[in-house]
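Chains, contacts and geometry: an overview
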Amino acid sequence: MVAILYLISALLFIFALRGLSHPESSRMGNIFGIIGMIIAVFTTLMFKSVLSYYEIGAAILIGGAIGSFIALRIEMTALPQLVAAFHSLVGLAAVFVAAAAFYDPVAFSIGKVGSIKTASLVEMSIGTFIGAITFSGSVLAFGKLQGTISGKPIVFKFQHLTNALIFLVIIFLIVLFVINQSPTIFWVIVIVSILLGFLVVIPIGGADMPVVVSMLNSYSGWAACGIGFTLSNNLLIITGALVGASGAILSYIMSKGMNRSIINVVLGGFGGEQDTIASKDNSDKIVKQGNAEDAAYIMKNADSVIIVPGYGMAVAQAQHALREMGDILKKEGIEVRYAIHPVAGRMPGHMNVLLAEANVPYEEVLELDEINHDFPMTEVSFVIGANDVTNPAAKTDESSPIFGMPILDVEKSQSVLFVKRSMATGYSGVDNELFYRDNTTMLFGDAKKMCEDIVKSLSA
Amino acid sequence: MEAHSSEVFVIGLTVFFLACIIGYYVVWSVTPALHSPLMGVTNAISSVIIVGAILAAGPQGFDTSKIFGLIGVILASVNIFGGFLVTYRMLSMFKKKTKKTKEKE
């Protein structure tokens, strides 16, 4: 009976992910997920060994209240941090469950204290190891996304060698732990794994965070898997594998969006301090600068506008003002669409959520390969808070660090409007030759303020 | 039980690989526009680890294991409620063109 209820729960989780293939079916998918979780929890509460309903009920209420409070209060622009924070909790929960299994193996029928089955010990320590890494890695990713810690990659000598050595130490500790089942060694594994989690994320820069967040998502799944093996629980194994696969695929998509291998991202050190590399000297080139009225005039006289949002839009919270601008243009009979680069923002799908929040219908929001061939037929590209993902150097300059990265071909549209705070280079530290082209107009200023000013000019 | 432990492990491994394959195909079918909600949902369901925490917190009386179990239940609950709710919030924002949505003003 228990096995069947767990199976139903696992199937519902699969349907929950399946529902996300389309926005229309996605809400139902989320409900499937919730039902699956309720079944899983109540099935477990029905176990004969589970008796302390009050304590467990209280714990669920406390956790649930905290989780609900955070989820309802959070600003959509802060989603990446929130997801990172949530991942850290999954990792920590995995560590605690593993610790509980170690201290009371009878409750999980994996042996007795001091004589736990070897296989269970191995699975337990792997679950602990991955859980602890997920925890500390996510905490650090949270700090970088929140801005508490500098988003710049922190690199030092022998970094990767150090990490590799620590990894070997952990394997050694796990072997030792399996042999003598000492609680001290268990906690040493936890602490060293936490340290490794920090060291693994520290060299990775802010804009590579979409990959990191996806990877930690993946790890949290594998941690659940490890615990699933310890408890011989198929539900945990299935769910863990689903989440692990999901995170791995997202990491792959994100790395591909930057034309870099996952390994390259993980090794870190990309971006940040290397502004000096900025290839050619562009100081003598002329930049055409404009203001909100110019932008309004250019767009008003166009037939089609493609808006390219980037992380800068999220930082400035410009999505609502941007949508308002789009609405006015649409009323004038101008075709307005949005082009999303796979790595725009700080987590997969970040821009889509923000535009949806601003009530932009999802049919108007298109992915790179859906819209890229339309740029030559487009009159105006309105780039707001994005830079590297439009840089033609990715196609032409083989020496550029972003060479080979798929870009949005805004250069092919008749004119380009760039909303930017300054002439600073993008995350990659590469100058963007688009800024100096004749058909480019730079709009310097805060993205939100700029959109509001354009709205004013348009309605004047 | 002892004699079958390797068999149990192999069954677990079978389930694991099949689930990975299902996960692979299901996740590739997710539309890129919904990748953020995907992270929200996977985050919520990975907290099914609460099952293990409940088992640890289950027995009466108080010992180390039970305290760890209860902490695990709290942490996982934060994620379950938080993950599903934030996903719900995200998904309810994805709207079609047809309805003129103006309630934001």
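Refer to the preceding data block for the structure.
This section reports on the structure supplied with the text. Given the structure is predicted, the values throughout are model-derived calculations rather than measurements.

Reading the values: the criteria
Residues numbered from 1 in each chain as written. Chains lettered and ligands numbered in written order. Predicted model: local features only at pLDDT ≥ 70, side-chain atom pairs only at ≥ 80, totals over all residues. Heavy atoms only, no water. Helix = DSSP H or I, 4+ residues; strand = E, 2+ residues; numbered from the N terminus. Buried < 20%, exposed > 50% of the residue type's maximum accessible area, 1.4 Å probe, protein only. Contact = heavy atoms within 4.5 Å. Buried area = accessible area lost by both parts, 1.4 Å probe. Salt bridge = Lys/Arg side-chain N within 4 Å of Asp/Glu carboxyl O. Polar contact = N/O pair within 3.5 Å; in protein donor to acceptor, adjacent residues only side chain to side chain. Nonpolar A, V, L, I, M, F, W, Y, C, P; charged D, E, K, R; others polar. Patch = residues over 30% accessible without salt bridge, like charges linked within 9 Å, V, L, I, M, F, W, Y side chains within 5 Å. Areas by Shrake-Rupley, 256 points an atom, 1.4 Å probe, with all protein chains shown as cover. 1 Å grid on protein atoms, 1.4 Å probe; cavity = no way out; pocket = protein on both sides within 12 Å on 5 of 7 lines; lining within 4 Å. Points joined across faces, edges and corners; volume = space filled by probe spheres on them. Axes fitted to C-alpha atoms, helices over the stretch in contact; angles between N-to-C directions. Parallel < 35°, antiparallel > 145°, perpendicular 65-115°, else oblique. Left-handed = near helix turned anticlockwise from the far one by under 90°. Pairing = 2+ DSSP bridges.

It is worth spelling out the side chain of S381 of chain A at this point. The topology assignment puts S381 of chain A in strand 7 (residues 380-384). For S381 of chain A, a relative accessible area of 0% corresponds to the buried category.

Here we come to the interface of chain B and chain A. In this complex, chain B contributes 88 residues to the contact, which on the side of chain A involves 107 residues. Taken over both partners, the interface formed by chain B and chain A buries close to 8,600 Å², and the fraction arising from carbon and sulfur atoms is 76%. Along the contact surface separating chain B from chain A lie one salt bridge. The partner of K66 of chain B in a salt bridge is E55 of chain A, and the shortest N-O contact between them spans 3.1 Å. The interface formed by chain B and chain A contains 19 residue pairs in polar contact (both at pLDDT 80 or more). The set of elements that each furnish at least two residues to the side of chain B that touches chain A consists of helix 1 (5-28), helix 2 (35-46), helix 3 (50-57) and helix 4 (64-93) of chain B. With 29 residues, the single largest contributor to the side of chain B that touches chain A is helix 4 of chain B. Of the residues in the side of chain B that touches chain A, the class split is 52 nonpolar, 25 polar and 11 charged.

Quick look at the side chain of S125 of chain A now. All names here are of chain A. Looking at the secondary structure, you find S125 in helix 5 (residues 118-146). At 3.1 Å, the side chain of S125 forms a polar contact with the backbone oxygen of V122. Setting aside residues no more than four positions away along its own chain, S125 makes contact with I174, F177 and I189.

Now for a nonpolar patch on the surface. Residues and elements named next belong to chain A. Taken together, the side chains of F158, L161, L165, F167, L168, I171, V175 and I179 define a hydrophobic patch exposed on the protein surface, amounting to about 830 Å² of accessible area. As for its placement among the helices and strands, I179 is situated in helix 6 (residues 159-180). Relative accessible area serves as the criterion here: at 66%, I179 is assigned to the exposed category.

This part takes up the layout of surface pockets. One number sums up the size of the second largest pocket: a volume of about 740 Å³. Around the second largest pocket sit 32 residues that line it, and L231, S232, N233 and N234 of chain A together with V8 of chain B are the ones nearest its centre. Going through the elements one at a time, helix 1 (2-18), helix 5, helix 8 (209-230) and helix 9 (234-257) of chain A together with helix 1 of chain B are the ones with two or more residues in the lining of the second largest pocket. The element best represented in the lining of the second largest pocket is helix 1 of chain B, accounting for six residues. Split into classes, the residues belonging to the lining of the second largest pocket amount to 20 nonpolar, 10 polar and two charged.

Below, the discussion takes up the packing of helix 5 of chain A against helix 8 of chain A. Residue and element names in this part refer to chain A. Packing of helix 5 against helix 8 brings their axes to within 8 Å, and their N-to-C directions diverge by 155 degrees. Comparing their axes, helix 8 and helix 5 come out roughly antiparallel. As for the relative orientation of helix 5 and helix 8, their crossing is left-handed in sense. Its residues assigned to classes, the contact of helix 5 with helix 8 shows 14 nonpolar, nine polar and two charged.

To continue, consider the pairing of strand 7 of chain A. Residues and elements named next belong to chain A. Strand 7 sits mainly inside the fold: five of its five residues count as buried. A two-sided burial pattern is seen for strand 7, the buried positions comprising V380, F382 and I384 on one face and S381 and V383 on the other. Here strand 7 pairs with strand 8 (residues 415-420) via five bridges, running parallel. Across the sheet, the residue bridging to S381 is V416, located in strand 8.

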